Amino acid sequence: MEQLQQIKQWFNSLPQKERWMVSGTGVLILVTLFYLIVWEPMHVGLQTEQQKQQTQKEILIWMQQAANEVKTLRTSGNRSTVRDKNKPITLVIEQSINNAGLKHSLKKIESSGNNGARVTLNEASFNQMLVWLNTLATHNGTQVVSANIERGNKPGRVNARLSFERP
């Protein structure tokens, strides 16, 4: 309290021009402090939040598009018809192996239960095998239940023991 009184006495003792200069400087300091302490952080924070909001909107739009694409793919996947539903699974697998160009790699096909089969391939092309497995799953409704795939002697070749099932 005493210090405030001393400041008032000092201020009042100044000539009129100096009082105006001190008052103007004080106002300038207050405006600068307000800008630095309140306005600028609030303005920067608002811009940051607007950028985050824009990014979130873009992500939401992307996710909605992806969800629509998934729905479309699911419905188109459900429309595919299963071929050779009434044929024995071993016959379906043998025909699909021939169509995939893997006949030379086929070592053994054996039946496993009513709707199952086991296949052994030696030195089969890995890429051809993947295409063949996809064809079996999508067109014939045959799913791989278990797979043991090992690297073959040549690059890109594999030895595989596969178990299939058809619902």
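A few points on the structure. Source: prediction; values computed, not measured. (Residues numbered from 1 in each chain as written. Predicted model: local features only at pLDDT ≥ 70, side-chain atom pairs only at ≥ 80, totals over all residues. Heavy atoms only, no water.)

**Here's the deal with the overall build of the protein chain**
What the protein chain contains, in helices and strands, is four helices and four strands. Beginning at the N terminus, the succession of helices and strands in the protein chain can be written as α-α-α-β-β-α-β-β. Here the C-alpha atoms of the protein chain give a radius of gyration of 39 Å, more than 25% beyond the 15 Å that 2.2 N^0.38 yields for 167 residues. Taking the principal axes of the C-alpha coordinates as reference, the protein chain spans close to 110 × 40 × 30 Å. Per element, the accessible surface of the protein chain, about 13000 Å² overall, is 57% carbon and sulfur. (Helix = DSSP H or I, 4+ residues; strand = E, 2+ residues; numbered from the N terminus. Rg over C-alpha atoms; globule rule 2.2 N^0.38 Å. Areas by Shrake-Rupley, 256 points an atom, 1.4 Å probe, with all protein chains shown as cover.)

**Thoughts on the sheet that holds strand 3 (residues 143-151)**
Remark on secondary structure: sheet strands pair via backbone hydrogen bonds, oriented parallel or antiparallel. If you walk across this open sheet you meet the four strands as 1-2-4-3, and the pairing is antiparallel. The outermost strands of the open sheet, each flanked by one partner alone, are strand 1 (106-111) and strand 3. Direction aside, neighbouring strands of the sheet carry axes that sit 10 degrees apart on average. Helix-sheet contacts for helix 4 (residues 126-140) involve strand 2 (116-125), strand 3 and strand 4 (157-165), and the interaxial angle to strand 4 is about 15 degrees. (Pairing = 2+ DSSP bridges. Axes fitted to C-alpha atoms, helices over the stretch in contact; angles between N-to-C directions. Contact = heavy atoms within 4.5 Å.)

**Examining the environment of alanine 67**
Relative to the helices and strands, alanine 67 resides in helix 2 (residues 16-78). Looking at alanine 67, the relative accessible area reads 35%, which means it is partly exposed. Sequence separation between alanine 67 and glutamate 49 is 18 residues; the distance between their C-alpha atoms is 26 Å. (Buried < 20%, exposed > 50% of the residue type's maximum accessible area, 1.4 Å probe, protein only.)

**Section: the pairing of strand 4**
One ladder, built from eight bridges, connects strand 2 with strand 4; its direction is antiparallel. Opposite alanine 117, over in strand 4, you have phenylalanine 164 as the bridge partner. The pairing of strand 3 with strand 4 spans eight bridges and is antiparallel. Looking across to strand 4, one finds that alanine 147 is bridged to leucine 162. Once strand 3 ends, the chain turns through five residues before running back antiparallel as strand 4, passing glycine 156 with a positive phi of about 80 degrees.

**Topic: the packing of aromatic side chains**
On inspection of all chains with the given rule, the structure shows one aromatic pair. The interplanar angle of 70 degrees and the centroid separation of 5.6 Å between the aromatic rings of tryptophan 132 and phenylalanine 164 together place this pair among those described as edge-to-face. Taken together, the positions of tryptophan 132 in helix 4 and phenylalanine 164 in strand 4 put the pair 32 residues apart, joining distant regions of the chain. Exposure remark for tryptophan 132: the relative accessible area of 1% places this residue in the buried category. (Phe/Tyr/Trp six-rings, centres within 6.5 Å; stacked < 30°, edge-to-face > 60°.)

**Looking at unusual backbone geometry**
Most peptide bonds adopt trans geometry, and most residues besides glycine take a negative phi value. The backbone phi angle of glutamate 123 is positive, close to 50 degrees, even though this residue is not glycine. Among the secondary structure elements, glutamate 123 is positioned in strand 2.

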